[in-house]
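Topology and contacts: notes
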Amino acid sequence: MTEKIMDKPGGSSGSSDDYEHIIERGQARSIELENIEKGLTALWQVATKTQDEGDATHTPVMRTCVLNLIIYAEDEAGLEQATETAARLTWSYPCRVIVLVARKDRPADDITASISAHCQLPDPKGNKVCCEQITVEGSSQAVERMASVVLSLLVPDLPVVLWWPGDPTMEGEFFERILQTSDRLIVDSRRFKDPAKSFARLADLSEMRYRDVAFSDLNWARLTPWRRLIAQFFDAPTTMPYLQHIEKITVEYEAPNDETEPNFSEALLLVGWMGQQLGWKEAFSLQKEGINASLIVSANGKPLPIQLNGFNERKDEMGGITSIKIFGNLPEDARSATFSIELCDDYEHADVITDETGREPRRRMVSLEKRDETDLLGEDLAVIKHDRMYELALALAGKVAG
């Protein structure tokens, strides 16, 4: 956990050493709410002074910021994870990070703050690139008041990204006030407790109430290699006709082996993507059967069954897809085929197979880059405007999920 330097009561005063420790040692400094901006100014003044004085023991510091990143956390573990992710993310996206922590065990009127800095190794010019993090902590009952604090700290004229790592309530004054100011909302549907309900709510917010806000999901980024491989199946003129004659789809995913509710969100989002590409309509919504589920969509006016099967093998990727099989049939040509992608035991490669009637199976092994949360966030932040393909996939996923 980050060590904190305490602010002196009644003001923002503090020694230069206090602020140097923030940059040189990564320490956080507690500060009064009304003195946050003053504290940040003092922090960078100390950094600039050290550079101007030509202190050979200190690497020159360059402050930079390309966006505002608001992160919501619910507890100490969430705060530590948010801080670690922000520190890594600022390598590629220097930003003002504002972490909002709503604690259930805090007094209702108690709000505190601290400032810290994320500094990277010197750039080619010998400068240490730094950006700031402001952490605002309070009770879960005080989030509306905390929203006012957060909004007052945004750097003007820069994009505002709201990253909500947990299961967003997506309702209430706090969420709506922050969302109204944001240019982008990033969620992770793998953490949704009720994916069907959350997908439907997200789709409604995206299509009806917050059209100016770009919505994105880390699960969409996780699906990037799967979507690319599925599309490649049908690049050839000989296999393209199968797209309009798919008879069945089976998706396997990692499910818990206890009483925890399984999360079908990644599989549903993949189905939503295929459906919006091929013009599918919702027919019979998701029917759960333990860790398995089934649904039926309307494809070209015909029912298309989709089966989601859960397995318990990879504990670090709950909800992650491990295989997909697409069964197609061309009765007029007396041809049928199975297109399958199966994750290998090392989870870093996939077996891609096309098995068509009258032909030898075509098989190839492909690498799947293993990416963590920071990598996925970086992919989402690279999309400046709306990802319309994702938003359409989200809309259909919400409908087929019921």
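Scroll up for the structure.
Description of the structure in this document. In this text the structure is predicted, and so the values were computed from the model without any measurement. (Residues numbered from 1 in each chain as written. Predicted model: local features only at pLDDT ≥ 70, side-chain atom pairs only at ≥ 80, totals over all residues. Heavy atoms only, no water.)

Focus: the overall build of the protein
For the protein, the count of helices and strands is 11 helices and 18 strands. Counting over 402 residues, the protein shows a buried share of 51%. Summarising the internal contacts of the protein: among those between residues at least 6 apart in sequence, 71% fall at separations of at least 24. Accessible area for the protein stands at about 18,900 Å²; split by element, carbon and sulfur atoms hold 49% of it. (Helix = DSSP H or I, 4+ residues; strand = E, 2+ residues; numbered from the N terminus. Buried < 20%, exposed > 50% of the residue type's maximum accessible area, 1.4 Å probe, protein only. Contact = heavy atoms within 4.5 Å. Areas by Shrake-Rupley, 256 points an atom, 1.4 Å probe, with all protein chains shown as cover.)

As for the packing of aromatic side chains
The final tally for this structure, using the stated rule, is 9 aromatic pairs. With a centroid separation of 5.3 Å and 55° between ring planes, the pair formed by phenylalanine 233 and phenylalanine 339 is classed as tilted. Residue phenylalanine 233 is located in helix 8 (residues 224-233), and its partner phenylalanine 339 is located in strand 16 (residues 335-343); the two are separated by 106 residues in the primary sequence. Here phenylalanine 233 matches phenylalanine 339 in class, with each residue buried. When the ring of tyrosine 242 is compared with that of phenylalanine 339, the centres are 5.5 Å apart and the planes differ by 70°; the resulting orientation is edge-to-face. On the criterion of sequence distance, the pair formed by tyrosine 242 in the loop between helix 8 and strand 11 (246-254) and phenylalanine 339 in strand 16 is long-range, its members being 97 residues apart. Counting every residue linked through ring pairs, the aromatic cluster contains Phe233, Phe234, Tyr242 and Phe339. Cation over ring: arginine 227 sits above tryptophan 220, and NZ or CZ is 3.8 Å from the ring centre. The ring of phenylalanine 327 carries lysine 248 above its face, with NZ or CZ at 4.7 Å from the centroid. (Phe/Tyr/Trp six-rings, centres within 6.5 Å; stacked < 30°, edge-to-face > 60°. Lys NZ or Arg CZ within 6 Å of the ring centre and 35° of its normal.)

Description of helix 10 (residues 373-381)
Of all 9 residues in helix 10, 7 are buried; the element is thus mostly enclosed. Measuring from the backbone nitrogen of threonine 374 back to the side-chain oxygen at the start of helix 10 gives 3.2 Å, which picks out aspartate 372 as the cap. (Polar contact = N/O pair within 3.5 Å; in protein donor to acceptor, adjacent residues only side chain to side chain.)

Remarks on the side chain of arginine 227
On the secondary structure map, arginine 227 appears in helix 8. Despite being buried, arginine 227 has no salt bridge partner; glutamate 379 is the closest side chain of opposite charge, sitting 5.2 Å away. (Lys, Arg positive; Asp, Glu negative; His and termini not counted. Salt bridge = Lys/Arg side-chain N within 4 Å of Asp/Glu carboxyl O.)

Digging into the pairing of strand 13 (residues 292-299)
Sheet topology places strand 12 (residues 281-289) next to strand 13; 6 bridges connect them, and they run antiparallel. Bridged to glutamine 287 within strand 13 is serine 294. Counted between consecutive antiparallel strands, the loop separating strand 12 from strand 13 contains 2 residues, among which glycine 290 sits at a positive phi close to 70°. Both strand 13 and strand 14 (residues 302-311) contribute to a ladder of 7 bridges, which runs antiparallel. Of the residues in strand 14, the one forming a bridge with leucine 295 is isoleucine 306. The loop that links strand 13 with its antiparallel partner strand 14 comprises 2 residues; one of these, asparagine 300, has a positive phi angle of about 55°. (Pairing = 2+ DSSP bridges.)

A closer look at the pattern of salt bridges
Between side chains of opposite charge, a pair can form when the charged atoms approach closely. Counted under the stated rule, the structure contains 17 salt bridges. Across the salt bridge formed by arginine 96 and glutamate 132, the nearest N and O atoms sit 2.6 Å from each other. Remark: glutamate 132 occurs in strand 7 (residues 128-139) and arginine 96 occurs in strand 5 (residues 95-103); sequence separation between them is 36 residues. What makes arginine 96 buried here is its relative accessible area of 4%. In this structure, arginine 191 engages aspartate 188 in a salt bridge whose closest nitrogen and oxygen atoms are separated by 3.9 Å.

A short note on the pairing of strand 9 (residues 184-187)
In strand 9, alternate side chains face the same way, and those of Arg184 and Ile186 on one face and Leu185 and Val187 on the other are all buried. When strand 8 (residues 160-164) meets strand 9, the two strands line up parallel, connected through 4 bridges. When the bridges of strand 9 are listed, leucine 162 appears paired with leucine 185. Taken together, the 4 bridges between strand 9 and strand 10 (residues 214-217) define a ladder with parallel strand orientation. When the sheet's bridge partners are listed, arginine 184 is paired in strand 10 with alanine 214.

What about the sheet that holds strand 17 (residues 349-356)?
Ordered by their spatial adjacency, 8 strands build an open sheet running 12-13-14-11-15-16-17-18, and the pairing between neighbours is mixed. In the strand order of this sheet, the two ends are held by strand 12 and strand 18 (362-367), each with one partner. Averaged over all pairs of adjacent strands, the angle between their axes in this sheet comes to 10°, without regard to strand direction. Those strands touched by helix 9 (residues 265-278) are strand 11, strand 12, strand 13, strand 14 and strand 15 (321-330), and its axis lies near 30° from that of strand 15. Here helix 11 (residues 388-400) sits on the sheet in contact with strand 12 and strand 13, set at roughly 60° to strand 12. (Axes fitted to C-alpha atoms, helices over the stretch in contact; angles between N-to-C directions.)

Focus on the environment of isoleucine 341
One can find isoleucine 341 in strand 16. For isoleucine 341, a relative accessible area of 0% puts it in the buried group. Along the primary structure isoleucine 341 and threonine 322 are separated by 19 residues, whereas in three dimensions their C-alpha atoms are 8.2 Å apart. If sequence neighbours within four positions are ignored, isoleucine 341 has contacts with Trp226, Leu229, Ile230, Phe233, Thr322, Ser323, Ile324, Ala350, Asp351 and Val352.

Geometric values such as these leave the question of function open.
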